[in-house]
Amino acid sequence: MSLNINAGERVLIKGGNGSGKSTVLKVLAGVHRHFTGECKWKGESIVRPTLIDMRRRGIVFLPQHGYSIGSLTVREFCSIIVGRVAREVASRQIVNVVCRSLSPEQRISDLSGGEQQSLALAGVLSQDASLYILDEPFRSLDQDRRQAFARELMQLFSDRQSTLVMTDHEDV
């Protein structure tokens with residue numbers, strides 16, 4: 001496979017289960033080793049970077065099954081990410097919508113899969129990066145929340161100069 005993504009582009013990799021969408025994103029993020037060839041971002045090779053390396057390079061990755069953030073309450077998590085987005089109206093809007101729709105004292109581990117996914121996506125989008133790699137970011141979301149997030153995501157990235165690469169089973 002040969003893939004060239006330019007800075008500022010929005011790329012959707014669409015396909016069915018088992019078609020390799022997640023594998024491609026894992027290679028792009030550097031968490032899955034490619035067998036031949038190379039994977040670069042801004043001229044630097046990406047091979048098994050640490051989280052610090054990813055932050056330094058401006059890469060944010062949301063894996064298909066999210067991150068473990070379950071020991072915090074909704075209020076604790078939202079206060080962390082709201083602090084990150086104070087300067088950017090579009091990100092703040094996404095975070096506020098997600099955080100206001102949930103019970104503040106509820107533990108994240110007690111939320112539904114869709115609610116956890118919403119929080120994880122808001123957390124990733126609150127980070128300032130040049131490359132956002134999102135593996136099925138709308139997974140586990142009901143149709144209304146999926147459509148709302150898709151609209152907000154497209155609005156957010158129309159205001160940013162960042163690159164977005166994401167996977168899904170259908171058009172976004």
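Trainee: Help me understand the side chain of Arg146, please; the structure alone is not making it clear to me.
Mentor: With respect to the element layout, Arg146 can be found in helix α6 (residues 143–159). A polar side-chain atom of Arg146 sits 2.7 Å from a polar atom in the side chain of Asp168. If we ignore the near neighbours within four places in the chain, the residues touching Arg146 are Phe138, Leu141, Asp168, Glu170 and Asp171.

Trainee: Mind showing me how you'd approach the sheet that holds strand β6 (residues 163–168) here?
Mentor: Strand pairing in a sheet relies on backbone hydrogen bonds. The paired strands run either parallel or antiparallel. Pairing is parallel across the open sheet formed by four strands, whose spatial order is β1-β6-β5-β4. Edge positions in the open sheet fall to β1 (10–14) and β4 (59–62), since each of these has one partner strand only. Sheet twist, expressed as the average angle between the axes of neighbouring strands with direction ignored, equals 10°. Inspection of the sheet shows β4 paired to strand β5 (residues 131–134) by four bridges, in the parallel sense. Bridged to Leu62 within β5 is Leu134. The strands that helix α5 (residues 113–125) touches are β4 and β5; relative to β4, the one it contacts most, it runs at about 175°.

Trainee: So what exactly am I meant to see when it comes to the pattern of salt bridges here?
Mentor: Two side chains carrying opposite charge are able to pair once their charged atoms lie near each other. As enumerated under the stated definition, the model contains three salt bridges in all. With its nearest N and O atoms 3.9 Å apart, the salt bridge here joins Glu136 to Lys21. Of the two residues, Glu136 is situated in the loop between β5 and α6 and Lys21 in helix α1 (residues 21–29); the sequence distance between them amounts to 115 residues. On the accessibility criterion, Glu136 (8% relative accessible area) is buried. Judged by its relative accessible area of 5%, Lys21 falls in the buried class. Note that Arg75 is salt-bridged to Glu105, the shortest N-O span being 2.3 Å. With Arg75 in helix α3 (residues 74–84) and Glu105 in the loop between α4 (89–100) and α5, this pair connects stretches of sequence that are 30 residues apart. Residue Arg75 is classed as partly exposed on the basis of its relative accessible area of 48%.

Trainee: Can you walk me through the layout of surface pockets in this structure?
Mentor: If you roll a probe as big as a water molecule over the atoms, it shows you where there is empty space left. The space that makes up the largest pocket amounts to roughly 630 Å³. Among the secondary structure elements, those contributing two or more residues to the lining of the largest pocket are α1, β2 (40–41) and β6. Examining the composition of the lining of the largest pocket, we find that four residues originate from one element, α1, more than from any other. Broken down by class, the residue content of the lining of the largest pocket amounts to 13 nonpolar, eight polar and four charged.

Trainee: Teacher, can you tell me more about the packing of aromatic side chains here?
Mentor: Each aromatic ring pair is specified by the distance between its two centres and by the angle formed by the two planes. This model, assessed by the stated rule, comprises one aromatic pair. Geometrically, the ring pair formed by Tyr132 and Phe157 is edge-to-face, given 5.1 Å between the ring centres and 85° between the ring planes. With Tyr132 in strand β5 and Phe157 in helix α6, the pair connects residues that are 25 residues apart, well separated along the chain.

Trainee: What exactly am I supposed to notice about the packing of α5 against α6 here?
Mentor: In the contact formed by α5 and α6, the axes pass within 12 Å of each other and the chain directions differ by 5°. If you check the angle between α5 and α6, you find them roughly parallel. Across the interface between the two elements, Gly114, Glu115, Ser118, Leu121 and Leu125 from α5 touch Arg145, Phe149, Leu153, Leu156 and Phe157 from α6. Its residues assigned to classes, the contact of α5 with α6 comprises six nonpolar, two polar and two charged.

Trainee: Help me understand α1, please; the structure alone is not making it clear to me.
Mentor: Three- or four-residue spacings in an α-helix give side chains the same orientation, since the helix completes a turn every 3.6 residues. Taken across its nine residues, α1 has seven buried, putting it largely inside the fold. By the burial criterion, the buried members of α1 are Lys21, Ser22, Val24, Leu25, Val27, Leu28 and Ala29. Buried residues along α1 sit in contact with β1, α2 (51–57), β4, β5 and β6. Gly30 sits one or two residues past α1 and shows a positive phi near 85°.

Conventions adopted
Residues numbered from 1 in each chain as written. Predicted model: local features only at pLDDT ≥ 70, side-chain atom pairs only at ≥ 80, totals over all residues. Heavy atoms only, no water. Helix = DSSP H or I, 4+ residues; strand = E, 2+ residues; numbered from the N terminus. Polar contact = N/O pair within 3.5 Å; in protein donor to acceptor, adjacent residues only side chain to side chain. Contact = heavy atoms within 4.5 Å. Pairing = 2+ DSSP bridges. Axes fitted to C-alpha atoms, helices over the stretch in contact; angles between N-to-C directions. Salt bridge = Lys/Arg side-chain N within 4 Å of Asp/Glu carboxyl O. Buried < 20%, exposed > 50% of the residue type's maximum accessible area, 1.4 Å probe, protein only. 1 Å grid on protein atoms, 1.4 Å probe; cavity = no way out; pocket = protein on both sides within 12 Å on 5 of 7 lines; lining within 4 Å. Points joined across faces, edges and corners; volume = space filled by probe spheres on them. Nonpolar A, V, L, I, M, F, W, Y, C, P; charged D, E, K, R; others polar. Phe/Tyr/Trp six-rings, centres within 6.5 Å; stacked < 30°, edge-to-face > 60°. Parallel < 35°, antiparallel > 145°, perpendicular 65-115°, else oblique.

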